[in-house]
Amino acid sequence: MKHVYQPGSRQDAPVLLLLHGTGGTERDLLPLASMIDPGASVLGVRGNVLENGMPRFFRRIAEGVFDEEDLKFRTKELHDFLDEAAASNGFDRRNVIAVGYSNGANIAASLLFHYKDSLKGAILHHPMVPLRGIPLPDLTGTPVFIGAGTNDPICSGRETEELTSLLEGAGAKVQVHWESFGHRLTESEAKAAAAWYENTFGAR
Ligand code: MLT
């Protein structure tokens with residue numbers, strides 16, 4: 001997958017896996033990564049699917065209606081890519097924390113829904129429920145931050161609550177931060193994610 005990798009200044013720091021929204025690139029969330037943990041390594045990845053020229057991480061049939069077969073295929077593709085990227089860049093595969101926005105948050109949630117150990121934790125900005133009707137792996141203790149909008153036109157508050165309870169049902173430790181700026185990722189939401197990260201993973 002097309003990507004950018006920047007090793008961090010701290011040996012043991014996590015690798016922040018940056019997953020952009022529809023139409024984004026592997027570099028979009030680099031400023032967010034330096035807000036969250038300036039010493040971390042970063043792996044920004046570009047989605048392999050194009051929708052009218054806009055990169056995405058999986059196909060959709062309409063807004064909010066996902067192509068589930070493609071979602072499963074692309075989730076495995078990203079999971080396998082993380083194994084390869086860890087081997088070729090020499091980082092610890094068990095130390096990957098996803099930071100995703102919108103479509104990128106949805107594929108990160110799908111990694112959590114499909115694989116027990118793909119992510120050490122996740123920051124999900126405006127995610128949806130990626131898939132329904134599948135058993136989730138054991139996510140005991142996996143920390144997840146969700147940034148949500150009370151008036152998000154793409155993901156309703158009810159869907160945020162559904163995602164939270166599915167993740168908590170699998171044992172994840174979820175914190176939801178609510179704002180009222182629709183689907184936007186605001187600076188205050190990013191700051192709340194950074195504060196959560198510091199509380200959860202320690203000194204930055
Ligand atoms: C998706 O397709 O993943 C969601 O609708 C969010 C987005 O617009 O990317």
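Structure first, text after, so check above.
Residues numbered from 1 in each chain as written. Predicted model: local features only at pLDDT ≥ 70, side-chain atom pairs only at ≥ 80, totals over all residues. Heavy atoms only, no water.

K.L.:
Any chance you could explain the nonpolar core here in plain terms?
P.N.:
Note on soluble globular proteins: their nonpolar side chains tend to be buried together. Within the largest apolar cluster, 41 residues are counted, with the highest numbers of intra-cluster contacts made by Leu-17, Leu-19, Leu-43 and Leu-167. Among the elements that make up this core, the one with the highest residue count is helix H3 (residues 103-114) (seven residues). Those residues within four positions of Leu-167 in sequence are excluded, and the remaining contacts are Leu-112, Phe-113, Leu-136, Leu-139, Val-144, Ile-146, Ala-172 and Val-174. (Core = buried A, V, L, I, M, F, W, Y, C linked by side-chain atoms within 4.5 Å. Buried < 20%, exposed > 50% of the residue type's maximum accessible area, 1.4 Å probe, protein only. Helix = DSSP H or I, 4+ residues; strand = E, 2+ residues; numbered from the N terminus. Contact = heavy atoms within 4.5 Å.)

K.L.:
What exactly am I supposed to notice about the packing of helix H2 (residues 68-89) against H3 here?
P.N.:
Axis angle and axis distance: for two packed helices, these are the angle between their axes and the distance between the axes, and together they describe the pair. Taken N-terminus to C-terminus, the directions of H2 and H3 make an angle of 85°; their axes are 10 Å apart at the nearest point. The orientation of H2 relative to H3 falls into the category roughly perpendicular. Between H2 and H3, the contacting residues are Leu-71, Lys-72, Arg-74, Thr-75, Leu-78, His-79 and Leu-82 on the first element and Ile-107, Ser-110, Leu-111 and His-114 on the second. Residue composition of the contact of H2 with H3, grouped by class: five nonpolar, four polar and two charged. (Axes fitted to C-alpha atoms, helices over the stretch in contact; angles between N-to-C directions. Parallel < 35°, antiparallel > 145°, perpendicular 65-115°, else oblique. Nonpolar A, V, L, I, M, F, W, Y, C, P; charged D, E, K, R; others polar.)

K.L.:
Any chance you could explain helix H4 (residues 157-169) here in plain terms?
P.N.:
Think of an α-helix as 3.6 residues a turn; residues three or four steps apart then line up on the same face. Taking 1.5 Å per residue, 13 residues should reach 18 Å; H4 reaches 18 Å between its end C-alpha atoms and fits that length. When we look at burial in H4, the residues that qualify are Gly-157, Glu-159, Thr-160, Leu-163, Thr-164 and Leu-167. The buried residues of H4 occupy an angular sector of 160° when the element is viewed end-on, so they sit on one face. For H4, the exposed residues lying more than 90 degrees away from the buried face are Arg-158, Glu-161 and Gly-169. Contacts made by the buried residues of H4 are with H3, strand E10 (143-149) and strand E11 (173-179). Gly-171 sits one or two positions beyond H4 and adopts a positive phi of about 105°. (Expected span 1.5 Å × (residues − 1). Arc of directions from axis to C-beta.)

Read these as layout, nothing more, since geometry by itself doesn't imply function.
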